[in-house]
Amino acid sequence: MGQIEWAMWANEQALASGLILITGGIVATAGRFVQWYFGAYSIAAGVFICLLEYPRGKRRKGSTMERCGQKYMTAVVKLFGPLTRNYYIRAVLHLLLSVPAGFLLATILGTVCLVIASAIYLLAAIRGEQWTPIEQKPKERPQVGGTIKQPPTNPPPRPPAEVRKKPSEGEEAGAAAGGPQINPIPVTDEVV
């Protein structure tokens, strides 16, 4: 069995926690909670986390499904180099971002989710994983003449391949020369 790539799970967890922080921050700010400024902070932190975590990293083995519009955010995340590529830094960053949001009841769920994402990123970093962008491969266009090997000689409907009989060399030579074909079944015409 293959090894688990923990960074993939941490990415999904952190993205979800960013969305939960935004939602809790909106509730706290719109509800005019006593400490509403923690709600405003949670909105800003949640947006930052979502922008950082939106681009998925490339898996070591297998294929990685790219998120819609990810290529634009990938270019921005790549600009920061080792700050965004290293999962130790992401683990510490998420842990630090979660602390102020923990002082408000509306954002406590996002805080707990972000702490869990931070722990998973720490595990991924210990296992030697790092973020690598999904690069677009140039699409190879198939050559028009290379895909069709031999056009069919029989008109449709054709019997299955195992039922079809191969023409003998004599018939093949006659058909290729354009000569008459010989009917193997004798035909008699009885007119009454």
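These numbers were taken from a predicted model, which means no experiment stands behind them.

### A closer look at the UniProt feature "transmembrane region" (unreviewed entry) in the chain
Then, in step 1: With numbering aligned to this structure, UniProt lists the feature "transmembrane region" (unreviewed entry) at residues 12-30, 36-54, 75-97 and 103-124.
Then, in step 2: Structurally, residues 12-30 is divided into 100% helix and 0% strand, and its ends, taken at the C-alpha atoms, are 27 Å apart.
Then, in step 3: Strand forms 0% of residues 103-124 and helix 77%; the C-alpha atoms that close the span are 28 Å apart.

### Considerations on the environment of Trp 9
Then, in step 1: Structurally, Trp 9 can be placed in helix H1 (residues 6-30).
Then, in step 2: Setting aside its immediate chain neighbours within four residues, Trp 9 contacts Ile 4 and Ile 120.

### What to know about unusual backbone geometry
Then, in step 1: Positive phi, normally seen in glycine, also occurs at Arg 32, with a value near 55 degrees.
Then, in step 2: Here Arg 32 shows up in the loop between H1 and helix H2 (36-53).
Then, in step 3: Given the relative accessible area of 74%, Arg 32 is considered exposed.

### Notes on a nonpolar patch on the surface
Then, in step 1: Taken together, the side chains of Val 76, Leu 79, Phe 80, Leu 83, Tyr 88, Ile 89, Leu 122 and Ile 126 define a hydrophobic patch exposed on the protein surface, amounting to about 800 Å² of accessible area.
Then, in step 2: Elements that contribute at least two residues to the nonpolar patch include exactly helix H3 (70-79), helix H5 (87-101) and helix H6 (108-126).
Then, in step 3: Here Phe 80 is to be found in the loop between H3 and helix H4 (82-85).

### Observations concerning the side chain of Thr 111
Then, in step 1: Residue position: Thr 111 is located in helix H6.
Then, in step 2: Within the structure, the side chain of Thr 111 is placed 3.3 Å from the backbone nitrogen of Gly 102, a separation counted as a polar contact.
Then, in step 3: In this view, Thr 111 contacts Leu 21, Ser 98, Ala 101 and Gly 102; residues no more than four positions away in its chain are not counted.

### Considering the nonpolar core
Then, in step 1: Listed in full, the twelve residues of the largest apolar core are Ala 7, Ala 10, Ala 14, Val 77, Tyr 87, Ala 91, Ala 117, Ile 120, Tyr 121, Ala 124, Ala 125 and Trp 131.
Then, in step 2: Sorting the residues of this core by element identifies H1, H5 and H6 as the ones contributing at least two each.
Then, in step 3: Look past the residues within four positions of Val 77 in its chain and what remains in contact with it is Leu 51, Leu 52, Pro 55, Thr 84, Arg 90 and Trp 131.
Then, in step 4: In terms of nonpolar packing, the next biggest core, distinct from the first, is built from six residues, Leu 21, Ala 45, Ile 49 and Leu 114 among them.

### A closer look at H5
Then, in step 1: Across its 15 residues, H5 extends 22 Å between first and last C-alpha, which sits within 8% of the 21 Å expected from 1.5 Å per residue.
Then, in step 2: What H5 keeps buried is the set Tyr 87, Arg 90, Ala 91, His 94, Leu 97, Ser 98 and Ala 101. Projected down its long axis, H5 shows its buried positions confined to an angular sector of 140 degrees, all on one face.
Then, in step 3: Residues of H5 that are buried make contact with H1, H2, H3, H4 and H6.
Then, in step 4: The N-terminus of H5 is capped by Asn 86, whose side-chain oxygen sits 2.9 Å from the backbone nitrogen of Tyr 88.

Here is what the cut-offs are and how they apply
Residues numbered from 1 in each chain as written. Predicted model: local features only at pLDDT ≥ 70, side-chain atom pairs only at ≥ 80, totals over all residues. Heavy atoms only, no water. UniProt positions renumbered as here; feature names shortened; annotations may be inferred. Helix = DSSP H or I, 4+ residues; strand = E, 2+ residues; numbered from the N terminus. Contact = heavy atoms within 4.5 Å. Buried < 20%, exposed > 50% of the residue type's maximum accessible area, 1.4 Å probe, protein only. Patch = residues over 30% accessible without salt bridge, like charges linked within 9 Å, V, L, I, M, F, W, Y side chains within 5 Å. Areas by Shrake-Rupley, 256 points an atom, 1.4 Å probe, with all protein chains shown as cover. Salt bridge = Lys/Arg side-chain N within 4 Å of Asp/Glu carboxyl O. Polar contact = N/O pair within 3.5 Å; in protein donor to acceptor, adjacent residues only side chain to side chain. Core = buried A, V, L, I, M, F, W, Y, C linked by side-chain atoms within 4.5 Å. Expected span 1.5 Å × (residues − 1). Arc of directions from axis to C-beta.

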